[in-house]
Structures are given as C-alpha cells and as structure tokens.
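Remarks on the overall topology
Chain by chain, the residues run as shown.
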Amino acid sequence: MTRTHWAAITAVVLALLFAGAATVASAGGGGDTTSRTPSADSADAGFARDMSVHHQQAVEMSFIVRDRTQDDEVRRLAYDIANTQANQRGMMLGWLDLWGLPKLAADKEPMAWMAGKDTHGGSGHSGHGGSSEAGDGALMPGMATRADLDRLGKAGGKQAEIEYLQLMIIHHNGGISMAEGCAKLCTVGPEKALAEGMVAAQRSEVELMVDLLHKRGAEVRTS
C-alpha cells in the first residue's frame, strides 16, 4: 500500500487510542459526568448509531469479496477495511452503552442528526440519504442496496473485485460525508477525533481503490 494510505491508517489508530483513553477517563469515578453525556437526540448519539450500521455493511461487503476473489491486493484491502470498521463500530456501540442510550432508535429517521445538511448529494448512489425505497435496503449516504449486495455475492474473480471497489468507493464517500458532519456537529471530543480520523483514512482508501479500479480497466461509478 502507499505511504499516504498507511499514514492515514496510523492517524485512525491514534484517534482510536485517544478516544478509548478519554472514554475510560470520563467513565471513571469523580467529577460531574452529566455535561459529558449527550442526549438521545444529539449528533453524537445519532452519528454513533448510524455509523455503526454503515460500518457493519462495509464489513459485510469486505467478507463477501474475500470469498469471491483470490487477488491478494483486494483481499488485503478488504481485510483492512473489515478490521478497522469492526473495531470502530465496537467503540461507537460502547459509547452508546456508556451513555445509557439505545443502539437502535426506531422513532428516529436515519441521518436526522444531520438535519439542515444536504444528505442527498454526493456520489448520487441510490443509497444516499435514503433516497431509494426502504425495501431496497438503502438508508444512509453511500450504502449499497440489497440488489447491489446480491450482485456482488454472485460475481467472481475480476468482476467481483470491480463490483466491490465500485460499491466501496461510493460507501466510503458516504461515510466521509457522515464523519465530516460529526466533526462539525458532535460535542464529545473523542468522538470528533475519531470522525476526523475516519475522514482522513477513508479518503486515502478511496484514492487507493480508484487506482485498483483503473488497473482493472474499470471506472468509478456514481450510482
């Protein structure tokens, strides 16, 4: 992988370590923790809930492609994405537990915490902002639909690699939009740091995936 890619991953690891240490400190005894506990309607809680769902799909897609190709480069990328996003998801769900907030909020629309921001722009993929029919499985920026996942699961070899890279670029771009929203709107310092780390790492991975697509004679998809 490129030096830039590894630098971005290092930034995320440092953000994770910082976030974990700060979370433990805030959870410890002493001091008034009320001001550090966000509400269920906050951007902090909304981002943790929505990005946990978003990350879970990235993990799912990464495991699918690892079973559909023998290409070392794509399999290594898929492993990195799955491992990083599974760890970040665990941290965000842990914060919700720490705050005493539900991991799922049936009474809240996905992305409601970004109210006032344009969640229908970006790559134009059907998953952006829930612009697709709910039955198709697209709820948040960049998320693949069930039809997308079915197509990926049926592909093999080079075609599976292309499908994965195209879908994951869209997925990452959506995730970047969400993380940028948290970086601006969230109030919990460790969560803002994690969101900023996500932006840096996923931008680097998008650059890498664009290069991998071009090596395979394919172009970036916007929908």
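Residues numbered from 1 in each chain as written. Predicted model: local features only at pLDDT ≥ 70, side-chain atom pairs only at ≥ 80, totals over all residues. Heavy atoms only, no water.

This part covers the overall build of the protein chain. Broken down by element type, the protein chain carries six helices and zero strands. In sequence order, the protein chain lays out its α and β elements as α-α-α-α-α-α. If you take every contact in the protein chain between residues at least 6 apart in sequence, the share linking residues at least 24 apart comes to 73%. By element, 53% of the accessible surface of the protein chain is carried by carbon and sulfur atoms, the whole surface being about 10,100 Å². (Helix = DSSP H or I, 4+ residues; strand = E, 2+ residues; numbered from the N terminus. Contact = heavy atoms within 4.5 Å. Areas by Shrake-Rupley, 256 points an atom, 1.4 Å probe, with all protein chains shown as cover.)

What follows is about the packing of aromatic side chains. Scanning the model with the defined rule gives two aromatic pairs in all. Considering the side-chain rings of F47 and W113, the 5.6 Å spacing of their centres and the 80° angle between planes classify their relative orientation as edge-to-face. Here the residue F47 occupies a position in helix α2 (residues 43-68), and W113 occupies one in the loop between α3 (72-99) and α4 (146-154), the gap between them amounting to 66 residues. There is no split in this pair, since F47 and W113 are both buried. Ring geometry for W95 against W99: centres 6.3 Å apart, planes inclined by 15°, an arrangement best described as stacked. (Phe/Tyr/Trp six-rings, centres within 6.5 Å; stacked < 30°, edge-to-face > 60°. Buried < 20%, exposed > 50% of the residue type's maximum accessible area, 1.4 Å probe, protein only.)

In this model α3 runs 41 Å from its N-terminal to its C-terminal C-alpha over 28 residues, within 8% of the 40 Å that 1.5 Å per residue would give. Of the residues flanking the start of α3, the one acting as N-cap is D71, its side-chain oxygen 3.2 Å from the backbone nitrogen of E73. Phi turns positive, to about 70°, at G100, one or two residues after α3. (Expected span 1.5 Å × (residues − 1). Polar contact = N/O pair within 3.5 Å; in protein donor to acceptor, adjacent residues only side chain to side chain.)

A few words on the state of the cysteines. One pass over the structure, following the stated rule, counts one disulfide. Each sulfur in the disulfide pair C182 and C186 lies 2.2 Å from the other. Where C182 bonds to C186 through sulfur, the torsion about that S-S bond is close to -120°, and the disulfide is left-handed. Across the pair, exposure class does not vary: C182 and C186 are buried alike. (Disulfide = S-S within 2.5 Å.)

In this structure, F47, M61, L77, M92, W113, Y164 and M209 are the most contacted members of the largest nonpolar core, which totals 49 residues. Sorting the residues of this core by element identifies α2, α3, α4, α5 (157-185) and α6 (189-215) as the ones contributing at least two each. Excluding its chain neighbours within four sequence positions, the residues that come into contact with Y164 are M61, S62, V65, V74, L77, A78, I81 and L152. (Core = buried A, V, L, I, M, F, W, Y, C linked by side-chain atoms within 4.5 Å.)

The next subject is the side chain of H54. Position of H54 relative to the elements: it lies in helix α2. Discounting chain neighbours no more than four positions away, the residues touching H54 are M140, P141, G142, M143, H171, G174, G175 and M178.

Turning our attention to the layout of surface pockets. If you add up the space inside the largest pocket, you get close to 280 Å³. Forming the walls of the largest pocket are 18 residues, and the residues nearest its centre are R49, D50, A105, K108 and P110. Of the residues assigned to the lining of the largest pocket, the class counts are ten nonpolar, two polar and six charged. (1 Å grid on protein atoms, 1.4 Å probe; cavity = no way out; pocket = protein on both sides within 12 Å on 5 of 7 lines; lining within 4 Å. Points joined across faces, edges and corners; volume = space filled by probe spheres on them. Nonpolar A, V, L, I, M, F, W, Y, C, P; charged D, E, K, R; others polar.)

Look at α3 against α5: their axes get within 11 Å of each other, and the N-to-C directions meet at 35°. Read as a crossing pair, α3 and α5 show a hand that is left-handed. Residues V74, L77, A78, I81 and Q85 of α3 form the contact with α5, whose own contacting residues are E161, Y164, L165, M168 and H172. The class makeup of the residues in the contact of α3 with α5 is seven nonpolar, two polar and one charged. (Axes fitted to C-alpha atoms, helices over the stretch in contact; angles between N-to-C directions. Left-handed = near helix turned anticlockwise from the far one by under 90°.)

Counted under the stated rule, the structure contains eight salt bridges. One salt bridge in this structure joins K103 and D97, with 2.5 Å as the shortest N-O distance. D148 serves as the salt-bridge partner of R151, at 3.0 Å between the closest nitrogen and oxygen. On the criterion of helical spacing, the pair formed by R151 and D148 is a turn pair, its members being three residues apart in helix α4. Classification of R151 by relative accessible area gives partly exposed; the value is 32%. Overlapping salt bridges bring together D148, R151, E163 and R221 as one network. (Salt bridge = Lys/Arg side-chain N within 4 Å of Asp/Glu carboxyl O.)

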